[in-house]
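Below are the chains, spelled out letter by letter.
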Amino acid sequence: MKKKRTIDKRVWSLISLVMCLIIWQLISISSAGAVFASPERTLMAFISMAQDGTIWVHIGYSLFRVLAGFALGLIAAIPVAFLMGWYKIAQYLLEPVVQFVRTIPPIAYIPLVIVALGVDESSKVMVIFIATFLVMVITIYQGVKSVDSTLVKAAKVLGAGDKDIFFHVVVPASFPFVLTAIRLGLSAGLTTLIASELTGASKGLGTMIQEASMYFRMDVVIMGIVVIGIIGLLLNKIVHLLERWLTGWQETHQAT
Amino acid sequence: MAGNASGNVIVKIDHVEKIYQGRAGNVTALNGVDLEIKENEFVSVVGPSGCGKSTLLNIIAGLEEPTGGKVYVKGKEVVGTGKERGVIFQQYALFPWLTVKKNVKFGLKLQGIQEPKLSEIAEKYIHLVGLEEFSESYPKELSGGMKQRVAIARAYAVNPQILLMDEPFGALDAQTRTQLQTELLNTWEQERKTCFFITHDVEEAIILAQKVVIMSARPGRVKEIIPVNIPYPRTQETKMTKEFLDLKVKIWGLVYREFLEVRK
Ligand SMILES: Nc1ncnc2c1ncn2[C@@H]1O[C@H](COP(=O)(O)OP(=O)(O)OP(=O)(O)O)[C@@H](O)[C@H]1O
Ligand SMILES: [Mg+2]
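Keep in mind that what you see is a predicted model, and the values were worked out from it rather than measured.

A. Main features of unusual backbone geometry. In this model, Glu-115 of chain B is joined to Pro-116 of chain B through a cis peptide bond whose omega is 0 degrees. Along the chain, Pro-116 of chain B falls in the loop between α2 (100-110) and α3 (117-128). Positive phi values are uncommon outside glycine, yet Phe-216 of chain A reaches one of about 55 degrees. Secondary-structure assignment places Phe-216 of chain A in the loop between α9 (205-214) and α10 (218-246). For Phe-216 of chain A, a relative accessible area of 53% translates into the label exposed. At Arg-192 of chain B, a position not held by glycine, the phi torsion is positive, near 50 degrees. Residue placement: Arg-192 of chain B occurs in the loop between α5 (174-191) and β8 (194-198). For Arg-192 of chain B, a relative accessible area of 23% puts it in the partly exposed group.

Shown next, in the form of structure tokens:
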């Protein structure tokens, strides 16, 4: 019997990347090429915008908005979710509201927020805050609710009071859900970002794509899309590393 | 040492009744349970599934309240949990985010015990269950038997006078099970803590206990109490003696009759 050769996962990723590039290249030389700029032209667009610095400004604005909105969302979601999970009254009062607003796509309330706050940074951060907050509050709340009741009992018989149970059982047990919430929040933030930038801004990746499409600079459009994808991938990777580092004690590892 | 030691009553269960209100009507889980447990006594409880064994244990532990009757521990009515009562659960219930050592320290910390005493006590009980090598491991790295040993060490560490155990070995394979039985017997002979031990396994009930309580099918009550007058130390060989086998046949018969009640 021949020894089976195992190929490193990274090699597979590389093969997959090359495959995508080839398909992209093929599309760009077909009749769709008028819209689909080739990988080479896309790269050139990136290099030229990187040299004159404009792309970094766009990335900077977009990242700032996502991270600011997300950070505020997380800071608000954690206490609200724990309140909802711990106090029945908070659950009854807040859950219907959260569930209702959550079903509304952010695009629907973007105009409202812009009218209320203007077209400057605060309106974008606000929209991202709302969207990320809702996703994260629901996820963390579900984590708090699903804490194993046997663990609570075990803590009680070892002498834990309500406060001890909250800080030494409920909080650590929900921690994996906080990390899942962070992951979902970041991806919701990125989606909402582009939507909010499309409705008026002078800088940012969404705006850059919007403007480029008006001048039919498809190389810039595609470059913008790829950059957003890469940012999403990097953020996800960071969360994944955090998960590995902070919740290594978990029985099963969620695949990413 | 014989079974019917005439010690002080440490747990008195007085007409305990528990009715659960469910969507499909009320379920009477316990219907007037009376039982006395003496200091240092080892009591096993057997009975058909659903007869209220866990309910009774939770009431003694203070995790649930009876809808009627009372439980007294050392003459005082039980209200909530108390550090003189330790519990070992079938599902181990270890905190997965804490290492073995930190799990064992959990209850000690709540009592305000500080380092270095904290580590000293934890290490003593980890040693007792033979898991020194695994002090820094997380529960996910342990086998079922090892997890239950940690749970036992954690319960012992806070030094309760009464240990309440709800099918602690129920999820383990036969071999690990007999091994843990032997360990529990040895520990009990050394420390003589009062034990209330629920099991489905008649052999296990007899080999450990000074008396076996048989509960009737739902609604649960105490049907019969059979003393086990086999002297300690007992070993796995004890299971081969005539005395043991006679008891086994007798108790098994009683439990089986209740089991048939449930099927009716
Ligand atoms: N929280 C609850 N709400 C409603 N009914 C319950 C609840 N807990 C237990 N019961 C009911 O009370 C009865 C006794 O349950 P209990 O868990 O005490 O039985 P048990 O003797 O421990 O059974 P087993 O041997 O299967 O563990 C069962 O009929 C069960 O359905
Ligand atoms: Mg049970």
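Moving on, there is more to tell.
B. Fine view of the interface of chain B and chain A. Taken together, the contact pairs 21 residues of chain B with 19 residues of chain A. Counting the surface chain B buries against chain A, the share from its top three residues, Trp-97, Leu-110 and Lys-140 of chain B, is 36%. Our count for the chain B to chain A interface comes out at zero salt bridges. Here chain B is connected to chain A by two residue pairs in polar contact (both at pLDDT 80 or more). Listed by contribution, the elements that provide at least two residues to the side of chain B that touches chain A are β6 (85-88), α2 and α4 (144-157) of chain B. In terms of residues, the side of chain B that touches chain A owes the most to one element, α2 of chain B, which gives three residues. A per-class count over the side of chain B that touches chain A returns 12 nonpolar, five polar and four charged.

C. Main features of the confidence of the model for chain B. Per-residue confidence for chain B gives a mean pLDDT of 91, with 97% of residues at or over 70. Confidence metrics for the complex model read pTM 0.84 and ipTM 0.89.

D. Spatial organisation of the sheet that holds strand β7 (residues 162-166) of chain B. All names here are of chain B. Read from one edge to the other, the open sheet built from six strands follows the order β6-β7-β8-β3-β9-β10, with strand pairing classed as mixed. Sheet topology places β6 and β10 (222-227) at the edges, where each strand pairs with a single neighbour. Taking each pair of neighbouring strands and ignoring which way they run, the sheet shows an average axis angle of 20 degrees. Taken together, the four bridges between strand β3 (residues 42-46) and β8 define a ladder with parallel strand orientation.

E. Representation of the domain arrangement of chain B in the model. Residue and element names in this part refer to chain B. For chain B, the assigned domains read domain 1 (6-84 + 162-173 + 194-264) and domain 2 (91-159). Centre-to-centre, using C-alpha coordinates, domain 1 lies 27 Å away from domain 2. Each partner contributes residues to the interface: domain 1 has six residues there, and domain 2 has nine residues. Together, the buried faces of domain 1 and domain 2 total about 520 Å²; carbon and sulfur atoms form 67% of this surface.

F. Main features of the side chain of Asp-219 of chain A. Within the element layout of this structure, Asp-219 of chain A appears in helix α10. Setting aside residues up to four positions removed in sequence, Asp-219 of chain A forms contacts with Ala-37, Arg-41, Thr-42 and Ala-45 of chain A.

Parameters and conventions
- Residues numbered from 1 in each chain as written.
- Chains lettered and ligands numbered in written order.
- Predicted model: local features only at pLDDT ≥ 70, side-chain atom pairs only at ≥ 80, totals over all residues.
- Heavy atoms only, no water.
- Helix = DSSP H or I, 4+ residues; strand = E, 2+ residues; numbered from the N terminus.
- Buried < 20%, exposed > 50% of the residue type's maximum accessible area, 1.4 Å probe, protein only.
- Contact = heavy atoms within 4.5 Å.
- Buried area = accessible area lost by both parts, 1.4 Å probe.
- Salt bridge = Lys/Arg side-chain N within 4 Å of Asp/Glu carboxyl O.
- Polar contact = N/O pair within 3.5 Å; in protein donor to acceptor, adjacent residues only side chain to side chain.
- Nonpolar A, V, L, I, M, F, W, Y, C, P; charged D, E, K, R; others polar.
- pLDDT = per-residue confidence, 0-100.
- Pairing = 2+ DSSP bridges.
- Axes fitted to C-alpha atoms, helices over the stretch in contact; angles between N-to-C directions.
- Domains from an automatic or database assignment.

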